[in-house]
Amino acid sequence: MTKQKIIFVIIFLFSIFRVEAQEIWTLEKCIERAIEKNISIKQIEADLEITRQNKKTAVSNFLPTINLGGNHSWNIGLNQNITTGILENLTTQTTSLSANVGMDIFNGLQNIQQIYRSNLSILSSKYHLNNMKDDISLLIANSYLQILFNKENLSIQESYFKIAQEELAISKERFNSGFIPKGDILELEANLATSEQNLIIAQNNYTLSKLALAQLLRITNFDDFEIEEKDYLIPDTQILDYNVNIIYNAALTTRNDVKLAETNLKIATKDLSIAKSQLLPSISAFYSYNSRVIFDNPDSFNNQLDANAGENFGLQISVPIFNKMTNNVNVQINKIKKEKSFYSLEQTKLDLENTINEAYYNTLAAQKTYEAAQKTLFARETSYKNAKERFNNGSINTFDFLQAQQRFENAQSDFIKTKYDFIFK
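Residues numbered from 1 in each chain as written. Predicted model: local features only at pLDDT ≥ 70, side-chain atom pairs only at ≥ 80, totals over all residues. Heavy atoms only, no water.

Examining the environment of Tyr360
Thought 1: Position of Tyr360 relative to the elements: it lies in helix 9 (residues 326–392).
Thought 2: In this structure Tyr360 comes out as buried when scored by relative accessible area, which is 13%.
Thought 3: Sequence-wise, Tyr360 and Asn243 are 117 residues apart; in three dimensions their C-alpha atoms are separated by 9.6 Å.
Thought 4: If we skip the residues at most four places from it in the chain, Tyr360 touches Ile239, Leu240, Tyr242, Val244 and Ile247. (Helix = DSSP H or I, 4+ residues; strand = E, 2+ residues; numbered from the N terminus. Buried < 20%, exposed > 50% of the residue type's maximum accessible area, 1.4 Å probe, protein only. Contact = heavy atoms within 4.5 Å.)

Structural notes on the sheet that holds strand 2 (residues 65–80)
Thought 1: Reading across from one edge, 2-3-5-6 is the order of the 4 strands in this open sheet, with antiparallel pairing throughout. Strands at the two margins of the open sheet, each flanked by one partner only, are strand 2 and strand 6 (310–318). Averaged over all neighbouring strand pairs, the angle between strand axes comes to 20°, with direction disregarded.
Thought 2: Here strand 3 (residues 87–106) pairs with strand 5 (residues 282–294) via 12 bridges, running antiparallel. Looking at strand 5, one finds that Asn100 is bridged to Ser288. (Pairing = 2+ DSSP bridges. Axes fitted to C-alpha atoms, helices over the stretch in contact; angles between N-to-C directions.)

Quick notes on unusual backbone geometry
It is generally the case that most residues other than glycine have a negative phi and that most peptide bonds are trans.
Thought 1: Its identity is not glycine, yet Leu109 carries a phi of approximately 65°, on the positive side.
Thought 2: The topology assignment puts Leu109 in the loop between strand 3 and helix 4 (110–176).
Thought 3: For Leu109, a relative accessible area of 46% corresponds to the partly exposed category.
Thought 4: Positive phi, normally seen in glycine, also occurs at Met325, with a value near 65°.
Thought 5: Looking at the element boundaries, Met325 is found in the loop between strand 6 and helix 9.

So, helix 10 (residues 398–424)
Thought 1: If you check helix 10, its first and last C-alpha atoms are 39 Å apart, about what 27 residues at 1.5 Å a residue would give, namely 39 Å.
Thought 2: Put simply, Asn397 is the residue that caps the front of helix 10, since its side-chain oxygen is 3.3 Å from the backbone nitrogen of Phe399. (Expected span 1.5 Å × (residues − 1). Polar contact = N/O pair within 3.5 Å; in protein donor to acceptor, adjacent residues only side chain to side chain.)

In structure tokens:
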């Protein structure tokens, strides 16, 4: 096998390997990747886990507190001899043990309120997480469609460039035969240069749009990043048959941002209840045991524990009378927070209404613009084909032909712009 054939085989095998190794990214896969890798989402997921741990703390407030204690001490110097009762210079060792149990019986229902609040906090974090996922999905979809638009535009510019090359080659033959003047050749050469410039711009836009999406997905191997070649059709426009108010009322029950604002209002309401409960009396039960052992005492360890044992138990009632106005001020602050959360919910609903109205009428406008661009493209294409035929026959000059061609190219560009704008909206 010759050296050239070996090189050819190596290049061929390498190209096959690259094609097999190259991963094709669908829109769904891009969204999944973006959600998986997004740092903001990871932070919200961490917040969600914190709320779950806080719920464990709220549940544990119903359990009693149990503590064991002990200490061992050395007394050096003048101490009473426990046998003779006389003060002597001695070194004695003493060990004491204690156990304490405490339990809340009533504390203004704060424990129950805290559990309710912790459940609401978990729900709020979930809505926040889902809302962030919606925003990221929308961002990825927009970037994905931008690549499809730039790719389709690149294909059109490549076709324009190829046609410009063919037209220039044909026109040079006609010039050599004396059918057209030199000026026509110059016009076509300028047209070829413009087509090449547009092709370079289209290639650059396509590359940059791919790079932008790859960065959003945190993909470092940009050279092997390719999206799925899929012709996205115009979506079903049945939703435009509904009244915008019907869409808004439906969105109020499904949008995560509205649910988030509603849950935050419930949390603020629960915080106010917790603050008010601090003004109520609290009742708790307690029990404690303690004993001590003196090592120089001839009595046994167990006998000393029994002889020196003491127990203490009972109920404790605490009635808040005056605590520097802390509880009262806390109630007032939480009232203001509740009012603030209410206004936040109203603002969210107002923003949603404005967004839906804007999206609804923008979609209607995009649909009409797309339909008009479709009609314009058909008319420009027909005009271009007619002009091309007349140009080849020598019926029109180069300037008129290039004008018809440029109008057709602009119509194609406007068509794909309006197409993807309508799909996205």
